[in-house]
Each structure stands twice: as C-alpha cells, then as structure tokens.
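# Remarks on the overall topology
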Amino acid sequence: MSVRRAVSAPQIRPAALQDDEALAELSRVTWSPMHAVTPEPRPPFTPFFDSGHLPEDYLVAEVGIEGAEDRIAGYIRVARPTQLATHVHVRQIQGLAVYEWARGRGVARALLRAAALHARNQGARRLTLRVLGHNTAARSLYESEGYAVEGILPGEFYRDGQYIDDVFMALLLTEQTE
C-alpha cells in the first residue's frame, strides 16, 4: 500500500536558465501521444531552452512535499503566436506539462490561471491554445477555466493510422480572470 505524502499548494514563478535540465526531463517523461504530435523524444536530447524557447516564455509550478525540498511539478509556455504587430494582443499557450505524481493536485489549474494573469500583464486581450480532439481531460480543464472552442480542424494530424482533430480554444482576457 502506497502512502501519499502531503503536498503544498503550487507556487508559480518565472522560469530561469538554471531550470533547463529539470524542464527538459519533465518534458521528456510527460510526452504522450494523448497530447503530442511530435515524435517521442530520443537521445541525444537537445537543451530545453533555445533561441525560439526562452525562459521568459515559461512559468514553473513548484510544490512542497512533506519532508522534502520544494520541487518542480509542472510548467506552462505562454508566448506570442506570431511576431506580427497586428497580433501583439494575443498570447498562446504552447505547452503545458505536469508530472504524473503532481496530477490531481491543482498544478495545471494554477498554471493556467497564472498564464492568464501573465498574458494580461503583458497587455494581451486573448489567450489561445490548441488541444488534440481526443484529449478530453485537457479540454474539460480548459473549459472549466473559461476557455471556449473557437474552431476545430478535422483530421489535422495523422498518426498510427488515425486522423486526429486539432481544437482551437481561447480565453478572453478583457473579462475578469483569476
């Protein structure tokens, strides 16, 4: 019988360069065909941060576990979807990962709320994301946080003999967001 140790509420902070290895590991171990259309990561692994993936685009969730130091439980990437001046009012969630041991403890929800605040503080009026149609757990979470489906691209991806829908969702930040 396993005993679950007490875990503190997630604390959200900006990512830092020294998080590179920890976030790369989190990204690798949470990769799943449930949410990824990219190939499964294989060695040699590349750095997590690069010229297109900067620390300032990421928020990190840390939790305290009873009897241990705080540890990274998840991350979210919030970036501009394009560099067009006409698109400056939009931010897009371009990655969300939470360790299996931290799921069901409010980590993803805390990251989503922090992402909305972060985007609003950058002057964004909309926060968008894309989610695979079959990822019903993620879609339910996003909907519970106020995201609405704005479009579906039927059969946008093809993997393992199956066509997969791409669902576009958005949260309007002009309304009150926690």
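Before reading further, recall that the structure is shown in the block above.
The text that follows walks through the structure, step by step, so that each part is easy to find. This one's a predicted model, so the numbers in the text were calculated from it and none came from an experiment. (Residues numbered from 1 in each chain as written. Predicted model: local features only at pLDDT ≥ 70, side-chain atom pairs only at ≥ 80, totals over all residues. Heavy atoms only, no water.)

## Focus: the sheet that holds strand β4 (residues 90–98)
Cut-off, in case you're wondering: Note on pairing: two strands pair once DSSP finds at least 2 bridges between them. Only DSSP runs of H or I with at least four residues qualify as helices, and only runs of E with at least two residues qualify as strands; both kinds are numbered from the N terminus onward. Only the stretch in contact is used when a helix axis is fitted, and all axes are lines through C-alpha atoms; the angle between N-to-C directions ranges over 0 to 180 degrees. Contact between two residues is taken to exist if any of their heavy atoms lie within 4.5 Å; hydrogens are not considered.
Ordered by their spatial adjacency, 7 strands build an open sheet running β1-β2-β3-β4-β5-β7-β6, and the pairing between neighbours is mixed. The open sheet has two edge strands, β1 (11–14) and β6 (148–159), and neither has a second partner. Direction aside, the axes of adjacent strands within the sheet are offset by 25° on average. In this sheet, β4 lies alongside strand β3 (residues 71–79) in antiparallel orientation, the contact comprising 5 bridges. From the neighbouring strand, alanine 79 faces β4, where its bridge partner is glutamine 92. Set on the sheet, helix α2 (residues 107–121) makes contact with β1, β2 (58–63), β3, β4, β5 (126–132) and β7 (162–172); between it and β3 the angle comes to about 35°.

## Looking at the pattern of salt bridges
Once the charged atoms of two side chains with opposite charge are near each other, the side chains can pair. This is how the line gets drawn: Counted as salt bridges are all cases of a side-chain nitrogen of Lys or Arg within 4 Å of a carboxyl oxygen of Asp or Glu.
Using the criterion set out here, one finds 10 salt bridges in the structure. Residue arginine 13 is joined to aspartate 19 by a salt bridge in which the shortest nitrogen-to-oxygen separation is 2.8 Å. Ionic contacts of the salt-bridge type, sharing partners, join the residues Arg13, Asp19 and Glu62 into one network.

## A word on the environment of histidine 35
Heads up, the rule is: Relative accessibility decides the category of a residue: with a 1.4 Å probe and only protein chains considered, values under 20% of the type maximum give buried, values over 50% give exposed, and everything between is partly exposed.
With respect to the helices and strands, the residue histidine 35 is situated in the loop between α1 (20–30) and β2. Note on histidine 35: relative accessible area 41%, which makes it partly exposed. In this structure, the C-alpha to C-alpha distance between histidine 35 and glycine 64, residues 29 residues apart in sequence, is 27 Å.

## Here's the deal with the packing of α2 against helix α3 (residues 136–144)
Quick note on the threshold: Each angle gets one of four labels, with under 35 degrees taken as roughly parallel, over 145 as roughly antiparallel, 65 to 115 as roughly perpendicular, and the rest as oblique. It is the rotation of the near helix from the far one that decides the hand of a crossing: anticlockwise by less than a right angle makes it left-handed, clockwise makes it right-handed. Gly counts as polar in this scheme, as do all residues outside two lists: the nonpolar Ala, Val, Leu, Ile, Met, Phe, Trp, Tyr, Cys and Pro, and the charged Asp, Glu, Lys and Arg.
Close contact between α2 and α3 brings their axes to 11 Å; oriented N to C, the two are set at 50°. The angle between α2 and α3 falls in the class oblique. Considering only the axes of α2 and α3, their crossing is right-handed. For the pair α2 and α3, contact is made by Ala108, Arg109 and Leu112 and by Leu141, Tyr142 and Ser144, respectively. For the contact of α2 with α3, the per-class residue count stands at 4 nonpolar, 1 polar and 1 charged.

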